[in-house]
There are 2 protein chains.
Amino acid sequence: MAARPTMKDVALAAGVSLMTVSRVVNGDRGVSPQTTARVEQAVSRLGYQRNDNASHLRRKAQTTRTIGLVVDDLANPFYATLARAVEDEAYRRGYLVLVSSTNDDPRREREVVLAFSARQVDGLIVVPTAGSHSLLKAQMAQGMPVVCADRPARGLDADTVTVDNRDATRKAVTHLLAHRHRRIAYLGDQRDIWTLRERFAGYQEALRAHGVELDPGLVRHGLRSRAEAAQAVAELMSRQAPPTALFSSNDLITVGAIDGLGAPLPRVALVGFDDFPLADRLPRPVTVVSQDPATIGGTAAQLLFSRIDGYQAPPRSVVLMTRFIARGSGEIPPP
Amino acid sequence: MAARPTMKDVALAAGVSLMTVSRVVNGDRGVSPQTTARVEQAVSRLGYQRNDNASHLRRKAQTTRTIGLVVDDLANPFYATLARAVEDEAYRRGYLVLVSSTNDDPRREREVVLAFSARQVDGLIVVPTAGSHSLLKAQMAQGMPVVCADRPARGLDADTVTVDNRDATRKAVTHLLAHRHRRIAYLGDQRDIWTLRERFAGYQEALRAHGVELDPGLVRHGLRSRAEAAQAVAELMSRQAPPTALFSSNDLITVGAIDGLGAPLPRVALVGFDDFPLADRLPRPVTVVSQDPATIGGTAAQLLFSRIDGYQAPPRSVVLMTRFIARGSGEIPPP
DNA sequence: GTGAAAGCGCTAACAT
DNA sequence: ATGTTAGCGCTTTCAC
């Protein structure tokens with residue numbers, strides 16, 4: 001467990017001054033080939049590596065070439081794909097990425113943002129929790145570039161990358177209405193998350209546009225797992241007047257809904273938000289609204305780096321399009 | 001874009017010395033309540049945050065409370081889940097995590113490990129690429145704790161967390177043999193990856209133990225995508241004497257194999273390494289060998305932190321058990 | 001209880 | 001072409 005060599009050690013070993021070592025290590029011109037060779041030899045003999053933290057501390061442009069990424073849950077394939085896209089964009093620019101999941105807990109978000117900021121990250125990409133964001137606001141006021149991905153942060157004027165949640169849901173539910181469904185259940189995740197409020201709003205708008213009154217008995221919010229979704233669907237289907245169609249507000253709930261329908265599959269139409277692997281290979285291929293997390297992440301990273309590079313202008317809001325993919329489950333007519 | 005306040009600024013604002021601010025910020029005792037209050041007020045008025053990098057640089061125990069995680073591909077649900085488990089373990093200990101994907105490219109691994117090391121991470125968790133690992137070796141020699149996850153690094157004596165790849169595959173193929181299959185195809189990923197060499201070895205061992213000669217025509221290595229796997233299976237099935245059973249060496253290939261079988265599904269048994277969502281809900285539920293990436297990641301993190309905490313002993317190798325899950329596709333007898 | 005001086009590992013600015 | 005000095009933001013050490 002030998003202590004790491006420093007520039008001082010290299011200077012001593014090479015018989016030059018510390019400054020000369022610095023020049024060689026940083027590739028600055030103005031060092032004779034002979035000296036350069038001597039220093040490089042000492043570097044490799046000692047296994048010297050520059051301490052980037054010390055370097056960043058001293059440099060004029062106080063930049064760490066590190067960004068922070070705060071997501072809901074890294075294990076969720078959606079955020080994992082988003083994270084990978086961010087990471088690739090960062091890698092191309094020679095930046096490193098600190099990541100953390102929040103589990104949608106505002107307190108944990110707060111801790112993580114503080115920790116990242118204390119580490120002097122050059123910018124933050126955040127999938128904001130449902131809470132308030134006074135901290136992020138304060139960070140931005142101090143000059144920290146912040147980009148929101150997947151959803152905006154309440155009351156925060158920052159660059160944002162989202163998809164057309166409301167519009168896409170309206171179209172999806174309209175698709176079911178066009179197939180003559182009138183009892184369309186809504187299967188929702190937590191209602192305090194922006195994306196889900198938007199999706200529910202789209203559901204309501206579609207019904208209203210078709211003169212269909214919303215039946216509160218067909219609406220379920222707060223489904224947090226596949227099992228909860230399955231349970232909710234089983235209950236809905238055993239009602240006096242069961243729904244003839246289901247709209248599911250994310251991939252997890254869609255899969256749970258299929259669980260809840262059981263086998264053999266009853267005659268119920270199903271459209272889900274989010275595409276998922278094998279949706280096309282299930283016994284009844286699933287019609288979905290598909291969004292592209294890689295593009296969301298990549299776009300967020302580009303916005304962030306433009307700010308880091310000094311771009312000054314009012315916040316931009318990028319809305320990416322979703323794709324409606326009809327596979328069968330959404331095209332079943334009512335009984 | 002105001003420059004961030006430093007301790008000096010806070011000291012000036014509170015009318016105390018820089019040292020007193022440091023004491024208050026770090027919660028050291030020995031500061032009068034009145035002074036503490038004055039300093040705290042100045043801190044919050046200026047929005048002061050300690051620069052952790054500077055702090056770490058000067059501290060006696062030169063530790064950054066940051067670890068590096070290097071995976072094959074963060075967008076792959078397997079590694080995403082592993083990463084999440086590492087992150088949780090780090091969070092519990094107040095550590096941050098730098099992540100990067102390598103795409104199994106040894107050069108990129110090299111770059112990333114160097115970058116992490118230059119940032120003074122306290123330790124590394126690596127899913128090693130197939131290449132040589134002289135760099136990791138050098139890092140360890142300089143006192144950097146390193147843990148390998150999912151597979152060992154060739155020629156590197158480090159803590160390692162893996163699963164019983166060979167054994168599990170032997171059992172899976174034996175399962176097919178027990179169902180009287182004799183023409184069992186092997187669908188493999190890149191052969192230079194350790195896990196896949198192990199799995200292929202298990203396949204060979206099972207055949208040998210049952211006196212079945214290996215038919216090279218039934219073995220496909222190097223399948224790198226769902227599409228390539230589908231193509232390979234389509235070719236295999238159109239042979240003079242097609243296989244009656246398939247062993248697939250990872251989840252991606254298993255799904256590709258199902259694609260390649262087409263519809264209606266021919267009478268072919270299928271067992272795959274890796275479980276995947278909805279494997280139980282496909283028209284023919286898929287029999288799999290299931291491993292648990294969260295436990296792999298969590299265990300790797302625990303091993304790493306024990307080293308960071310100073311545990312000194314020869315490298316430990318933890319082998320986690322897989323689970324065989326029979327769901328139907330692997331229990332189909334030959335025609 | 002509080003502060004002044006030194007220095008972590010490095011680079012900017014100015015010598016020579 | 002090379003070296004010296006100062007100092008990034010902070011903590012250690014020692015003095016008062």
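Quick notes on the rules
Along each chain, the written sequence defines residue order, and numbers are assigned to residues from 1. By the order in which they are written, chains take letters starting at A while ligands take numbers starting at 1. For this predicted model, a pLDDT threshold of at least 70 governs which residues receive local features, and a threshold of 80 or more governs which side-chain atom pairs are given and counted, while totals over whole chains, interfaces and linings are taken from all residues. With hydrogens and water set aside, each side-chain value is computed from the structure's full complement of heavy atoms. Any residue with a heavy atom lying within 4 Å of a molecule or strand is counted as near it. Two N or O atoms count as a polar contact when they lie within 3.5 Å, although within protein this holds only if one can serve as hydrogen donor and the other as acceptor, and sequence-adjacent residues are included solely when both atoms are side-chain atoms. Numbered from the N terminus, helices here are DSSP runs of H or I no shorter than four residues, and strands are runs of E no shorter than two. Asp, Glu, Lys and Arg are counted as charged, while Ala, Val, Leu, Ile, Met, Phe, Trp, Tyr, Cys and Pro are counted as nonpolar; the rest, among them Gly, fall into the polar class. Whether two residues are in contact is decided by their heavy atoms: any pair within 4.5 Å suffices. Accessible area, probed at 1.4 Å, shrinks when two parts are joined; the buried area is that loss added up over both. Take a side-chain nitrogen of Lys or Arg and a carboxyl oxygen of Asp or Glu: if they are within 4 Å of each other, that pair is a salt bridge. By definition, two strands form a pair when at least two bridges between them are found by DSSP. Exposure classes here rest on a 1.4 Å probe applied to the protein chains alone. A residue is buried below 20% of its type maximum, exposed above 50%, and partly exposed in between. Of all possible arcs, the one meant is that of the directions from the helix axis to the C-beta atoms. UniProt positions are given in the numbering used here, feature names are shortened, and annotations may be inferred rather than shown by experiment.

Colleague: I'm lost on the protein's contact with DNA strand C in this one. Help?
Modeller: Surveying the vicinity of DNA strand C reveals 26 residues, the closest of which are Tyr48(A), Thr20(B), Arg23(B), Thr35(B) and Arg58(B). The sugar and phosphate moieties of DNA strand C supply 60% of its atoms located within 4 Å of the protein. The contact in question runs from a base oxygen of DNA strand C to an N or O atom on the side chain of Arg58(A), over 3.3 Å. Of all elements in the fold, only helix 2 (18–25) and helix 4 (52–58) of chain A together with helix 2 (18–25) and helix 4 (52–58) of chain B reach the threshold of two or more residues within the surface near DNA strand C. If one sorts the elements of the surface near DNA strand C by residue count, helix 4 of chain A sits on top with four residues. Each residue belonging to the surface near DNA strand C can be placed in one class, and the counts come to 10 nonpolar, 11 polar and five charged.

Colleague: Got a minute to help me understand the protein's contact with DNA strand D in this structure?
Modeller: Residues in contact with DNA strand D amount to 27 residues; listed here are only the nearest, Arg23(A), Thr35(A), Arg58(A), Met19(B) and Tyr48(B). Counting only atoms of DNA strand D within 4 Å of the protein, the sugar-phosphate share comes to 55%. Asn51(B) has a polar backbone atom sitting 3.0 Å from a phosphate oxygen of DNA strand D. One nitrogen or oxygen atom from the side chain of Arg59(B) is found 3.5 Å from a phosphate oxygen belonging to DNA strand D. The set of elements that each furnish at least two residues to the surface near DNA strand D consists of helix 2 and helix 4 of chain A together with helix 2 and helix 4 of chain B. Of the residues forming the surface near DNA strand D, the biggest block, four residues, is contributed by helix 4 of chain B.

Colleague: Explain the interface of chain A and chain B to me, please; I cannot follow it from the model alone.
Modeller: Many descriptions give the size of an interface as the accessible area lost when the pieces come together. On the side of chain B, 60 residues touch chain A, which itself brings 60 residues to the contact. Taken together, both faces of the contact between chain A and chain B bury some 5400 Å²; the carbon and sulfur share is 49%. In this assembly, chain A and chain B are joined by 11 salt bridges. At the junction of chain A and chain B, the tally comes to 38 residue pairs in polar contact (both at pLDDT 80 or more). Its residues assigned to classes, the side of chain A that touches chain B shows 27 nonpolar, 17 polar and 16 charged. Sheet analysis places strand 2 (residues 96–101) of chain A next to strand 2 (residues 96–101) of chain B, joined by three bridges and oriented antiparallel. Along strand 2 of chain B, the bridge assignment pairs Val97(A) with Val99(B).

Colleague: Hey, could you run me through helix 7 (residues 134–141) of chain B in this one?
Modeller: Along an α-helix, residues three or four apart share an orientation, since each turn contains 3.6 residues. Residue and element names in this part refer to chain B. Those residues of helix 7 that fall on the buried side of the exposure criterion are Leu135, Leu136 and Gln139. The buried residues of helix 7 occupy an angular sector of 100° when the element is viewed end-on, so they sit on one face. The inward-facing, buried residues of helix 7 abut helix 6 (106–118), strand 3 (123–126) and strand 4 (146–149). Once helix 7 ends, the next one or two residues include Gly143, with phi positive near 100°.

Colleague: Looking at this structure, how should I read the UniProt feature "domain: HTH lacI-type" (unreviewed entry) in chain A?
Modeller: In the numbering used here, UniProt assigns the feature "domain: HTH lacI-type" (unreviewed entry) to residues 5–59 of chain A. Helix makes up 67% of residues 5–59 of chain A and strand 0%, whereas the separation of the span's terminal C-alpha atoms amounts to 21 Å.

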